[in-house]
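Report on the structure
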Amino acid sequence: MAVAQSQRWAVIGGGLLGMTLAKRLSEGNQKVTLFEAASQLGGLASAWNLGEVVWDRHYHVTLLSDTALRSLLSDLGLEKEMQWVETRTGFYTSGKLYSMSNTLEFLRFPPLGLLDKFRLGATIFYASRVKDWKRLEKVAVADWLRRWSGDYTTEKIWLPLLRAKLGDNYRKTSAAFIWATIARMYAARRSGLKKEMFGYVPGGYARIIKRFGEALAEDGVATRLRQAIKRITSSGDRPIIELEDGTRETFDRIVLTVPAPVAARLCPELSAEEKSRLEGVQYQGIICASLLLRKPLANFYVTNITETWVPFTAVIEMSALVDRAQFGGNSLVYLPKYLPPDDPAFSRSDEEIEEEFLGALERMYPEFERRDLLCFRLSRVRHVFPIPTLNYSERLPPMVSSMPGVYLVNSSQILNGTLNVNETVQLAERTAGTLMASPRHAGVAVKVRREQEEEYGKNEALGQPVPGS
Ligand SMILES: Cc1cc2nc3c(=O)[nH]c(=O)nc-3n(C[C@H](O)[C@H](O)[C@H](O)COP(=O)(O)OP(=O)(O)OC[C@H]3O[C@@H](n4cnc5c(N)ncnc54)[C@H](O)[C@@H]3O)c2cc1C
């Protein structure tokens, strides 16, 4: 969707959202500069080294149903190389590791009685059939699960899983969270002949991001790495970027793709209402360990954990999905721990966390030996995903700000989904067209707000005029 006039756009944030936006804007004949604070593109999906091995800093899989992502990969010439694998799922509960990879294993799962299992299965099936997710936004997730699965299963299975991902914030989380999670897994099964097929591109996201960066350069996007934006202000009707080194640059339009509270900090001229809405989005962060091991642990792609003494949320054995040849014949395991952004654990030393995580692995997997550990690295990110709190859609941060030509597009606007690259790409695709097709001033606020309303359903907050627009 092209507009007649080519304008100068700055996209802030070189994650997959910023990269996809930059690509679509430049294809729409716009002159785009992409600013990224880090030394490489990719954000949460960027890669790093574990000894000789280069792989994603955080675990990533693609589902067969991730059509927006697969179409982007196709544009980049990588989709045809995707490898699709049927994986197994583990469950660690009451000090034991169980396989929960098919219906038979589910029926045999000892911690739950037959009636509990029936209710659990019915809960998942019912959630997969719900169409009106907005209704679920009004109900606390724990209450909803208690109603459908019963007290015992909620205490024994659901609450430990919710606490692992959301901490105490599970109390503020709506049932839309569990609905979105189940809907994603069901979509995967539907398109995967009832099997859970997960996919990856050989070379991982390192390869995807490299190819994406080349495609951006071919499209004429100017990428500027190690360029942390300090502030965005305006002069007359033009937005201005101020870099950490004090350099200032004026653009016609600026799109920020950074997390909502970061956007509020970068744009001091936003109204008090806009700032409070952005700052009001509650994020979960993560400490995520990557371990390169000589031997596999248990060959489950995901092992869910309900034991509260385990210091991480799950065990993700990437080499149960990805050919071990990609890791020099070794196994790659991730141990994620989700935390609120201000959790004191973020300042614990690497050594302390490593000791704690390895100790827990020894207890969980008697075969695991420390001498098989080749490499251990920790990633810490304070803003990973926004928590879908009760009635979240009524406090949705606006995409069009009151600052002329400044737009805010980020994961807080993924409403009826979980955070994943497919949703991220979809958000970018929707937004790029809408922003380009709209005039730069007054009208754009109204038009984009109307489209947000149409998509998410009208609500009071979106219907209010953006102050100053
Ligand atoms: C542990 C984990 C597991 C995941 N698993 C999966 C999975 O299995 N499948 C899947 O599809 N998705 C998965 N995801 C989600 C996926 O990574 C995200 O959907 C996607 O990467 C989000 O991209 P983004 O551009 O919105 O955000 P980000 O990647 O966070 O990008 C924001 C960018 O802005 C930059 N930035 C911040 N401040 C500034 C500034 N002041 N100036 C300039 N730049 C700035 C940051 O450096 C960053 O690069 C996972 C994520 C995590 C963390």
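Residues numbered from 1 in each chain as written. Predicted model: local features only at pLDDT ≥ 70, side-chain atom pairs only at ≥ 80, totals over all residues. Heavy atoms only, no water.

**Considering the site of the ligand**
Around the ligand there are 29 residues in total, and Glu36, Leu44, Tyr59, His60 and Val421 lie nearest to it. Between Ala37 and the ligand, the recorded distance is 3.2 Å, taken from a backbone N or O atom to a nitrogen atom. At 2.9 Å, a side-chain N or O of Thr424 approaches an oxygen atom of the ligand. Protein contacts shield 88% of the accessible area of the ligand, which totals 1,000 Å² for the unbound molecule. Listed by contribution, the elements that provide at least two residues to the shell around the ligand are helix 1 (16-27) and helix 13 (421-437). Partitioned by chemical class, the residues of the shell around the ligand number 18 nonpolar, ten polar and one charged. (Near = heavy atom within 4 Å. Polar contact = N/O pair within 3.5 Å; in protein donor to acceptor, adjacent residues only side chain to side chain. Areas by Shrake-Rupley, 256 points an atom, 1.4 Å probe, with all protein chains shown as cover. Helix = DSSP H or I, 4+ residues; strand = E, 2+ residues; numbered from the N terminus. Nonpolar A, V, L, I, M, F, W, Y, C, P; charged D, E, K, R; others polar.)

**Here's the deal with the environment of Trp309**
Turning to its location among the elements, Trp309 is positioned in the loop between strand 16 (302-305) and strand 17 (314-317). Residue class for Trp309 comes out partly exposed when judged on its relative accessible area of 29%. Residues Trp309 and Leu291, 18 residues apart in the sequence, show an inter-C-alpha distance of 20 Å. Once residues lying within four places of it in the same chain are set aside, the contact partners of Trp309 are Tyr92, Ala360, Arg363 and Met364. (Buried < 20%, exposed > 50% of the residue type's maximum accessible area, 1.4 Å probe, protein only. Contact = heavy atoms within 4.5 Å.)

**Quick notes on the packing of aromatic side chains**
Using the criterion set out here, one finds 14 aromatic pairs in the structure. Seen from their ring centres, Trp55 and Phe327 are 5.0 Å apart, and the 80° between their planes marks the pair as edge-to-face. Residue Trp55 is located in strand 4 (residues 53-56), and its partner Phe327 is located in the loop between strand 17 and strand 18 (331-339); the two are separated by 272 residues in the primary sequence. Judged by relative accessible area, which is 2%, Trp55 ranks as buried. (Phe/Tyr/Trp six-rings, centres within 6.5 Å; stacked < 30°, edge-to-face > 60°.)

**Considering the confidence of the model for the protein chain**
Keep in mind that low pLDDT regions are not for reading the predicted coordinates in detail. Taken over all residues, the pLDDT of the protein chain has a mean of 89, while the share at 70 or more is 91%. Note on residues 442-448: pLDDT under 50 across the span, and twelve contacts to partners over four residues away in sequence or across chains. (pLDDT = per-residue confidence, 0-100.)

**Things to note about the nonpolar core**
Core analysis: the largest hydrophobic core is formed by 80 residues, its most contacted members being Ile12, Trp55, Leu162, Ile232, Ile241, Leu256 and Met318. Leaving out residues up to four positions away in the same chain, Trp55 has contacts with Ala47, Trp48, Tyr200, Val201, Gly203, Gly204, Met318, Val322, Gln326, Phe327, Leu332 and Tyr334. Residues Leu21, Ala215, Val255 and Met399 belong to the second largest nonpolar core, which totals 40 residues. (Core = buried A, V, L, I, M, F, W, Y, C linked by side-chain atoms within 4.5 Å.)

**Observations regarding unusual backbone geometry**
With the exception of glycine, most residues fall at negative phi, and the peptide bonds are largely trans. One non-glycine residue, Asn299, adopts positive backbone phi at about 65°. In this fold, Asn299 is placed in the loop between strand 15 (283-293) and strand 16. Even without being a glycine, Asn391 presents a positive backbone phi close to 55°. With respect to the helices and strands, the residue Asn391 is situated in the loop between strand 19 (373-386) and strand 20 (406-408).

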